[in-house]
Amino acid sequence: MAEAHDHDHDFESTQSGASETFPQQCSALRKNGFVVLKGKACKIVDMSTSKTGKHGHAKVHLVGLDIFTGKKYEDICPSTHNMQVPNVSRIEYEVLDLSEDGFFSLMTDDGATRDDLKLGENCTPSTPEAVRELLKSSEAAGERVVATVWKALGEEVVKELKAGKAN
C-alpha cells in the first residue's frame with residue numbers, strides 16, 4: 001500500500017485569483033486596446049486584416065508599443081485564433097519625493113510608503129529636474145502630486161505625474 005507522503009503534492013501559490021492575462025479572439029482586438037506581443041504588454045497602435053487566403057483564415061497584422069519601454073513589436077495571427085490580453089491596472093499614489101538615484105517615494109491610500117519604482121524615460125515628465133520642479137511648484141500652490149502607476153505582467157512603472165488638490 002502507498003504511504004501517505006507519496007501523495008503529497010507541492011502547489012505554487014500566486015498573488016491573487018486574478019490572472020495576468022486573458023484570451024481574446026484576434027478579430028475582437030481593437031486599436032488602443034492591449035495585447036501581449038513577444039511576451040510584452042503592448043498597446044495596439046495599428047492593426048490591419050488581410051483577406052481570407054485559399055486555406056481559409058484571414059490574418060490580422062498587429063503593431064503594438066510596449067507600455068513600459070515604448071519599444072515597437074509586431075505579430076501576425078489568424079483572425080480566429082486567440083491572443084493573450086494583459087490585465088493592465090492603474091493605481092494612483094501621492095508623490096512624496098524623488099531620491100538622488102531616481103527612485104520615487106510614494107504614499108498609498110492607507111498611508112504606507114513604497115520606494116521601489118524608478119523614474120523612467122516613458123514617464124511624463126521624464127527628467128529628475130522636471131519632476132522636482134513639479135513637486136516644488138505644487139507644494140507652493142498647496143497641491144499634491146499624484147503618480148499614475150501602470151501594472152501588467154508582473155511589471156510596474158510610473159507613467160505620469162500630475163498636480164491635484166490636496167485632500
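Residues numbered from 1 in each chain as written. Predicted model: local features only at pLDDT ≥ 70, side-chain atom pairs only at ≥ 80, totals over all residues. Heavy atoms only, no water.

Draft legend 1. View of the packing of aromatic side chains. Scanning the model with the defined rule gives one aromatic pair in all. Taking 5.9 Å as the distance between ring centres and 90 degrees as the angle between the ring planes, the aromatic pair formed by F34 and W150 counts as edge-to-face. You can see F34 sitting in strand β2 (residues 34–37) and its partner W150 sitting in strand β10 (residues 143–152), a full 116 residues away along the chain. Relative accessible area serves as the criterion here: at 12%, W150 is assigned to the buried category. The aromatic ring of W150 is capped on one face by R90, whose charged end is 4.4 Å from the ring centroid. A cation over a ring is seen here: K159 above W150, with NZ or CZ 4.8 Å from the ring centre. (Phe/Tyr/Trp six-rings, centres within 6.5 Å; stacked < 30°, edge-to-face > 60°. Helix = DSSP H or I, 4+ residues; strand = E, 2+ residues; numbered from the N terminus. Buried < 20%, exposed > 50% of the residue type's maximum accessible area, 1.4 Å probe, protein only. Lys NZ or Arg CZ within 6 Å of the ring centre and 35° of its normal.)

Draft legend 2. Layout of the layout of surface pockets. Space inside the second largest pocket adds up to approximately 170 Å³. By residue number, the principal contributor to the lining of the second largest pocket is helix α1 (residues 128–140), which donates five residues. Tallied by class, residues from the lining of the second largest pocket come to four nonpolar, one polar and seven charged. (1 Å grid on protein atoms, 1.4 Å probe; cavity = no way out; pocket = protein on both sides within 12 Å on 5 of 7 lines; lining within 4 Å. Points joined across faces, edges and corners; volume = space filled by probe spheres on them. Nonpolar A, V, L, I, M, F, W, Y, C, P; charged D, E, K, R; others polar.)

Draft legend 3. Region of interest: the pattern of salt bridges. All told, the structure shown has four salt bridges when counted by the stated rule. A salt bridge links E92 to K162, with the nearest nitrogen and oxygen atoms 2.9 Å apart. Residue E92 is found in strand β7 (residues 89–98), and its partner K162 is found in strand β11 (residues 155–165); the two are separated by 70 residues along the sequence. The closest approach of N and O atoms between E94 and R144, which form a salt bridge, is 3.7 Å. Of this pair, E94 sits in strand β7 while R144 sits in strand β10, and the two are 50 residues apart along the sequence. Overlapping salt bridges bring together R114, D116 and E156 as one network. (Salt bridge = Lys/Arg side-chain N within 4 Å of Asp/Glu carboxyl O.)

Draft legend 4. Expanded view of the state of the cysteines. Per the counting criterion, the structure on display carries one disulfide. Between the sulfur of C26 and that of C77 lies a disulfide, 2.1 Å long from S to S. One end of the pair, C26, is in the loop between β1 (21–25) and β2; the other, C77, is in strand β5 (residues 72–78), and 51 residues separate them in sequence. Here C26 falls in the buried class, since its relative accessible area comes to 0%. (Disulfide = S-S within 2.5 Å.)

Draft legend 5. Region of the structure containing the sheet that holds strand β3 (residues 40–49). Taken in spatial order, the four strands make up an open sheet running β2-β3-β4-β5, and their pairing is antiparallel. Edge positions in the sheet fall to β2 and β5, since each has one partner strand and no second. Strand-to-strand twist of the sheet, defined as the mean angle between neighbouring strand axes without regard to direction, takes the value 45 degrees. Bridge count between strand β4 (residues 59–66) and β5: seven bridges; the pairing is antiparallel. Residue pairing across strands places L62 opposite D75, the latter belonging to β5. (Pairing = 2+ DSSP bridges. Axes fitted to C-alpha atoms, helices over the stretch in contact; angles between N-to-C directions.)

Interpretation in functional terms is not warranted from these geometric data alone.
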